[in-house]
Protein chains: 4
Amino acid sequence: MTMARTHNSVFDRRESDVRSYCRSFDTTFTKAKGSTLTDADGREYTDFLSGCSSLNYGHNDPDMKAALIEHITGDGIAHALDMYTDEKAAFLEAFERLVLKPRGMDHKVMMVGPTGTNAVEAALKLARKTTGRKNVIAFTNGFHGMTLGALAATANAGKRKGSGDVSLNDITRMPYERSLGDMDTLAILDAMLSNPSSGVDAPAAFLVELIQGEGGLNAASPEWVRGIAELARKHGAKLIVDDIQAGIGRSGSFFSFDEMGIEPDMITLAKSLSGFGLPFAIALIRPEDDVWKPAEHNGTFRGNTHAFVTARVALEKFWADDSFKSEIAEKAKVLTESLQRIADRIPGAYLKGRGMMQGVDVTSGELAEKICAEAFRNGLIIETSGGDDEVVKVLAPLTTPMEQFKAGLATLEAATETCTASHTIAAE
Amino acid sequence: MTMARTHNSVFDRRESDVRSYCRSFDTTFTKAKGSTLTDADGREYTDFLSGCSSLNYGHNDPDMKAALIEHITGDGIAHALDMYTDEKAAFLEAFERLVLKPRGMDHKVMMVGPTGTNAVEAALKLARKTTGRKNVIAFTNGFHGMTLGALAATANAGKRKGSGDVSLNDITRMPYERSLGDMDTLAILDAMLSNPSSGVDAPAAFLVELIQGEGGLNAASPEWVRGIAELARKHGAKLIVDDIQAGIGRSGSFFSFDEMGIEPDMITLAKSLSGFGLPFAIALIRPEDDVWKPAEHNGTFRGNTHAFVTARVALEKFWADDSFKSEIAEKAKVLTESLQRIADRIPGAYLKGRGMMQGVDVTSGELAEKICAEAFRNGLIIETSGGDDEVVKVLAPLTTPMEQFKAGLATLEAATETCTASHTIAAE
Amino acid sequence: MTMARTHNSVFDRRESDVRSYCRSFDTTFTKAKGSTLTDADGREYTDFLSGCSSLNYGHNDPDMKAALIEHITGDGIAHALDMYTDEKAAFLEAFERLVLKPRGMDHKVMMVGPTGTNAVEAALKLARKTTGRKNVIAFTNGFHGMTLGALAATANAGKRKGSGDVSLNDITRMPYERSLGDMDTLAILDAMLSNPSSGVDAPAAFLVELIQGEGGLNAASPEWVRGIAELARKHGAKLIVDDIQAGIGRSGSFFSFDEMGIEPDMITLAKSLSGFGLPFAIALIRPEDDVWKPAEHNGTFRGNTHAFVTARVALEKFWADDSFKSEIAEKAKVLTESLQRIADRIPGAYLKGRGMMQGVDVTSGELAEKICAEAFRNGLIIETSGGDDEVVKVLAPLTTPMEQFKAGLATLEAATETCTASHTIAAE
Amino acid sequence: MTMARTHNSVFDRRESDVRSYCRSFDTTFTKAKGSTLTDADGREYTDFLSGCSSLNYGHNDPDMKAALIEHITGDGIAHALDMYTDEKAAFLEAFERLVLKPRGMDHKVMMVGPTGTNAVEAALKLARKTTGRKNVIAFTNGFHGMTLGALAATANAGKRKGSGDVSLNDITRMPYERSLGDMDTLAILDAMLSNPSSGVDAPAAFLVELIQGEGGLNAASPEWVRGIAELARKHGAKLIVDDIQAGIGRSGSFFSFDEMGIEPDMITLAKSLSGFGLPFAIALIRPEDDVWKPAEHNGTFRGNTHAFVTARVALEKFWADDSFKSEIAEKAKVLTESLQRIADRIPGAYLKGRGMMQGVDVTSGELAEKICAEAFRNGLIIETSGGDDEVVKVLAPLTTPMEQFKAGLATLEAATETCTASHTIAAE
């Protein structure tokens, strides 16, 4: 590892060793605009990480920025607990008009603590309350958060260890599509739920990501997704789609399940929901499931008013018509082609993911990390994914100008070439 | 109940029934400055709720506001995961210089998901990891959050029910000071932990609030707090002070335990930490407990960069010397006197809390709610607390101008007079 | 420690190290009659342990023995699952006539796996099923068994460790009478259950021993027992009396709660129930709680037919009138006097227990073990009890002839004298 | 259903409704010898249930009976806790000589509470203690007992419901061989344990029956069993074979895994272990796993002395040479042929099980129950098995004289003919 540039800094002295991304990108950032980050030395980086899909519209989008500055300047409310504000009304109206109504969804919006894990916890609670069941079906390689209820549903062994060895209960793990080679994972799930002596208790919910962002960019096929939705209905379980990382355009449309012919009972959203990188999370729930008593699930920062402002602008700017979707599709095609060139260079490598959430399984975590490190040396911020960090994952802002996007991909391709060359030499 | 002004609104159509504060304060707010909120009709309200202690410095403090606008205008970073930014450095340096060093604390700062419950979950995990024990001592009437790990430590029956009836494990409940009349609750705790056949497993941690904000404004005495700290040490448990509601000046000084002669192993902070009402939470941990592997506990919104900006300004503006503390003390005295007048009016009523976190137990939840509703009709935003909502709780911004503060208290006293008069009449 | 006589034996080679009583009484026993055990060398021992109260009528009672031999000789059934047999009918009729009817109890008999822990597990399940609640109140120093459900309710730290560190859930621990000095433990329990924010969930049951056999011979007063019964009713919890060790005459009458004015909802019985030392356990449950579906709780050895035979004889022989009760009372008086002489010899020592379940807290486990070891050298089998093994516990067969009983007590008094003399010398 | 002959009896008045076998066999039994039961009316029944495999040597075997009567007559010990007795020594020596040594097994014998579920609980505890892991792999359709630890591993939904809805934790359910059609269940298990992000925590143990007695007579192939043993070793899990129902000759040899080339780390035995139907259970554990502290897992009836006597005789009589094994094999062949005739009569029916633990899946629980009821009317005691009770299960004593065995099978075949004829007619 190279000498840490931030050695002896206040970070070393005073920030917990749990910090992680800063270890891969060991510099101090000072400015960000669009898809470009600038560090303290004035060096510019193209951002292919996007705050792990929290900055799908890039950094400091000028329209959101203007609206937010106007809001603050005019002493707009920053914090109102869950009281009514005109910003909340405007956000809800935009969300209703631009997201829910066009899809014929009658879901209600539950404001939860402004992190994805809080949304997942709320959805799990509600599924259990409404069904009177405790067990939840979660899937291999799923990632749903770090608080104990969501952590129980999270598959990663290292993350689970963090619990301090308390039991993580009331979850049954089932294989995700293609996690068992060619085996029919839907048939396995159906068999386990249909057999009264399977030992798998009747489930309150299925909790599923349509593209597993942390678990290795596994993208479920529409057929599998529909199968999951049918099995949930058949077995009386709520279908919860965790769209925290794959939602808000990342998969190619607003929801990752758009055009798949399903309507989840609950949907968790966070990350890019605010549009500006501000903490904001919601759970969408069906009206008939909205059995909460007031404050039965509460929290201080539910409904971040600054985020209402930017989220509304984001909805109006990007989702009023289909042009943004077309843009994403075009970029996704460029991305696929570039990643295919990378995969072709590495024996055994193959593409993963979907839309603007794609990557390459380069067959080893070691190689993936080398490629990302080399890319960073050349001004590209990019990270790995997967159980062994074996996937080089591209999460560029969806708004990245095509020129910059292609340049970033060129940097990545060059980094791969460098690393596979040296890799080959080292192996010889 | 009065006709809801927001009836037939988008809130009714699209916001989950779990919303609660908006039910007490049924209007739409549009602006906020200092201790004053304005609604859509232009009506002004004095805020004695402060976002449940998330707005200790009032709304839209001009210095924080200016710094935040400057940051956003200059394309300062909004979201950086846990990468290094100059704003994070500046916050950490200010926190070190103004909070930690003056107290001789060598604690490190763990950035957690920006809600209090995430900080509590992180602290519980770390206490379990570092001790190899699972059991955590939590106290009657404690409130620590809504995600499953923190909810297990939360005492309120209604909140616990929200879990959908999953077991809330690995917590032993112990009586808070004065929760059992004159009984020596420290002696009970010590006896239960000293007896190898008590059935109370050796604890990883004690998790305690020094003033129980949701649980009824129970304020522990310095003697009890020192006793708890000694028992934690004696029995090998980490002392975690949950200072989410009582911290950041609310109790009279920065931490609620200042000048009590204890140094907790871990401290959770959220609510007023950002200074501006923005979502932000941290856990303070001892360097020797900082055994986390990178990303072992992670999350997208750890380290809200906008909050770093405002939190730094708040520290520099209010905590560089003792003047703010003196101001709080002066106001707290005025508060005590006013609340005493209220208590004197109601047989059996008595004062609760400490510093600027005081209230009156008016002997019934029904009366407390009537008083708060009457106050709201007269332009004062104020809420109840306690297991039966029996405490009228004053959580005014610490920065409220004395004039406005006294006027607010006068409104509260008048509301009490109105309600007790009618109450008496109704009883006759 | 003395050289183990059984060294190099098949026990060393092939029996798990978990064995324990054989370590205190390191000889091989070959015969047993009444209150006398004989070992392979023909040495005789008086039994003041009675199989931990499983042999309240002594070894090989001639009437039970004759009936059992007759049963076996005539090819009576040894094992019938839970099918109907004439021996089961005869036992149930005797139990109804001699135990239930005289007390006006309409309880039904649930046959459970033939160990105490199985009876406890069955009662806990049923309490949870009938109340729809999960939490169970158990008490400090309680002992209820080693299977996971019962172990959760067991207080002893060493026993709990045996679980392999899985969480032992859904139990709240409360202080037993006098476990907190003079504090009012009933008041504590009531306060914790009455406060909706205590964090103690509404209980399905109270699980309590009236004399804690393993926990140190703590005997609850009738006032406390009545208080517990009232609190159970007040808070909607089933009252389960675990009478496995204290029942079947040990306390002075058939049930340990006789003449206390309470009627438990459920009672667990095992140990001396068969009368002959054979494995047998039942749970008594109210008819209105008998909501089991057939086989919902099952097991192979429920209803040990040999035990039905001996248990019926025991009931008819000892409980048809009050003479046995008077005998026990007389012996208990002699016991108290002898133990008082022992206690008087040891500064700080004091008597514990009730009826024929008494002992002396000799202030240290070390001394108690020395006394028991010295007694064994002199032909008396006796054991310790309590969290630190600090209580010398007398559990003689209730049928011990007075002569032999007094001789045994004399041996114990002499052993105490020897040990306290040497103890004093060692201390000087 | 026919009028219950035991209506208005003491069973109705005083025995819990949880009783079950007596409902299928509604008469009162009075005598038993070999494979014949006699009821109160003097009617004789052939026993094809054998106490669910607890009477593999039939009722009241004359040699065991003689030894037991001699033991009792001579005031042999009935109950000795876990002290040393000559009967325990003799049992251990016989078990060592006749069972362990011939197989080269160095296992030690752990005396547990005398029911199968207690043996399972002990084994689970020990596996968790020795590995420092909590998770246990159990299989679909597995049955392991009714106490909470064992119940968590039991698959049957009805049995699980009996827990009163407490969470049954720390178990991961995996598909048993052929439970998913042709899918490779070993590959599924290996994949789930090899993927660090599968969400299946590293297991302390695999808990498996080689023939699932309650789960439908599913018999694992030697290949699958070896695969399971290899996967346990590969993934650092203890292999626990639950041989409670399939062991002690039922499968054809003493252990169900004999001649399969595996040596389990732990084996649970109960049911026919005593040979006479007396309650008795043990866990076999490897010496290196015998890390128990004395009494860390205890219980009153561990080591039933009467059972030691009969169990020793059983070992000496039946397992000193291979003749009993040959007898079983011969009978098993006859059984297979008879069951095949039955299966041939019912479209879709097929044979299940192995050795003297075979049955026919008659395609519906309704038909299976009709057949068993008809058989009982004709003097044959026989029961069903499986998740829907769809398997007619033959568990005749292994010692049944060939004549009686064939007559019993003829009764069963006739009953099937009667029921399928009427079934067909009913369907027409």
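Everything numeric in this text was worked out from a predicted model, so none of it was measured. (Residues numbered from 1 in each chain as written. Chains lettered and ligands numbered in written order. Predicted model: local features only at pLDDT ≥ 70, side-chain atom pairs only at ≥ 80, totals over all residues. Heavy atoms only, no water.)

The next subject is the overall build of chain A. Within chain A, the regular secondary structure consists of 14 helices and 18 strands. In terms of principal-axis extent, the alpha carbons of chain A reach across some 60 × 60 × 45 Å. Counting the 428 residues in chain A, one finds 70% classified as buried. Taking the intrachain contacts of chain A between residues at least 6 apart in sequence as the baseline, contacts between residues at least 24 apart amount to 72%. Per element, the accessible surface of chain A, about 13200 Å² overall, is 50% carbon and sulfur. The centroid of the 46 positive side-chain charges in chain A is displaced by 3 Å from the centroid of its 59 negative side-chain charges. (Helix = DSSP H or I, 4+ residues; strand = E, 2+ residues; numbered from the N terminus. Buried < 20%, exposed > 50% of the residue type's maximum accessible area, 1.4 Å probe, protein only. Contact = heavy atoms within 4.5 Å. Areas by Shrake-Rupley, 256 points an atom, 1.4 Å probe, with all protein chains shown as cover. Lys, Arg positive; Asp, Glu negative; His and termini not counted. Charge placed at Lys NZ, Arg CZ, Asp CG, Glu CD.)

Attention now moves to the pairing of strand 8 (residues 203–208) of chain A. Residues and elements named next belong to chain A. In terms of burial, strand 8 is a largely internal element, 6 of the 6 residues being buried. Across 3 bridges, strand 6 (residues 135–139) lies against strand 8 in parallel orientation. Counted as the bridge partner of Asn135 is Pro203 from strand 8. The sheet contact formed by strand 8 and strand 11 (residues 238–242) spans 4 bridges and is parallel. (Pairing = 2+ DSSP bridges.)

Note on the copies: chain B fits chain A at an RMSD of 0.0 Å, the axial shift is 0.0 Å, and the rotation between them is 180°. These values place the two chain copies in the arrangement generated by a two-fold rotation axis. Among all residues of chain B, the minimum C-alpha distance to the rotation axis is found for Leu148 of chain B, at 2.7 Å. A shared interface surface links the copies, since 100% of the contact residues of chain B are contact residues in chain A too. (Least-squares fit on C-alpha atoms with pLDDT ≥ 70 in both.)

All names here are of chain A. What the domain assignment reports for chain A is domain 1 (10–61 + 322–427) and domain 2 (77–318). Placing the centre of domain 1 and that of domain 2 at their C-alpha centroids yields a distance of 26 Å. Opposite the 32 residues of domain 1 that make contact, domain 2 presents 29 residues. Across the interface of domain 1 and domain 2, roughly 2600 Å² is buried in total on both sides, 50% from carbon and sulfur atoms. By the criterion of area lost to domain 2, the three top residues of domain 1 are Tyr57, Arg354 and Met357, representing 31% of everything that side buries. There are 22 residue pairs in polar contact (both at pLDDT 80 or more) connecting domain 1 and domain 2. Broken down by secondary-structure element, the contributors of at least two residues to the side of domain 1 that touches domain 2 are helix 3 (50–53), helix 12 (323–345), strand 14 (350–354), strand 15 (357–361) and strand 18 (391–394). Broken down by class, the residue content of the side of domain 1 that touches domain 2 amounts to 12 nonpolar, 15 polar and 5 charged. (Domains from an automatic or database assignment. Buried area = accessible area lost by both parts, 1.4 Å probe. Polar contact = N/O pair within 3.5 Å; in protein donor to acceptor, adjacent residues only side chain to side chain. Nonpolar A, V, L, I, M, F, W, Y, C, P; charged D, E, K, R; others polar.)

At the junction of the two partners, chain B supplies 111 residues and chain A supplies 111 residues. Taken over both partners, the interface formed by chain B and chain A buries close to 9600 Å², and the fraction arising from carbon and sulfur atoms is 59%. Between Glu15 of chain B and Lys88 of chain A there is a salt bridge; the shortest N-O distance is 2.9 Å. On the surface where chain B and chain A come into contact, there are 55 residue pairs in polar contact (both at pLDDT 80 or more). When residues in the side of chain B that touches chain A are grouped by element, the largest group, 8 residues, is from helix 5 (residues 86–100) of chain B. Taken together, the residues of the side of chain B that touches chain A sort by class into 42 nonpolar, 34 polar and 35 charged. As paired strands, strand 4 (residues 84–85) of chain A and strand 1 (residues 28–33) of chain B are joined by 2 bridges and run parallel to one another. Note on strand 1 of chain B: the bridge partner recorded for Tyr84 of chain A is Thr28 of chain B. (Salt bridge = Lys/Arg side-chain N within 4 Å of Asp/Glu carboxyl O.)

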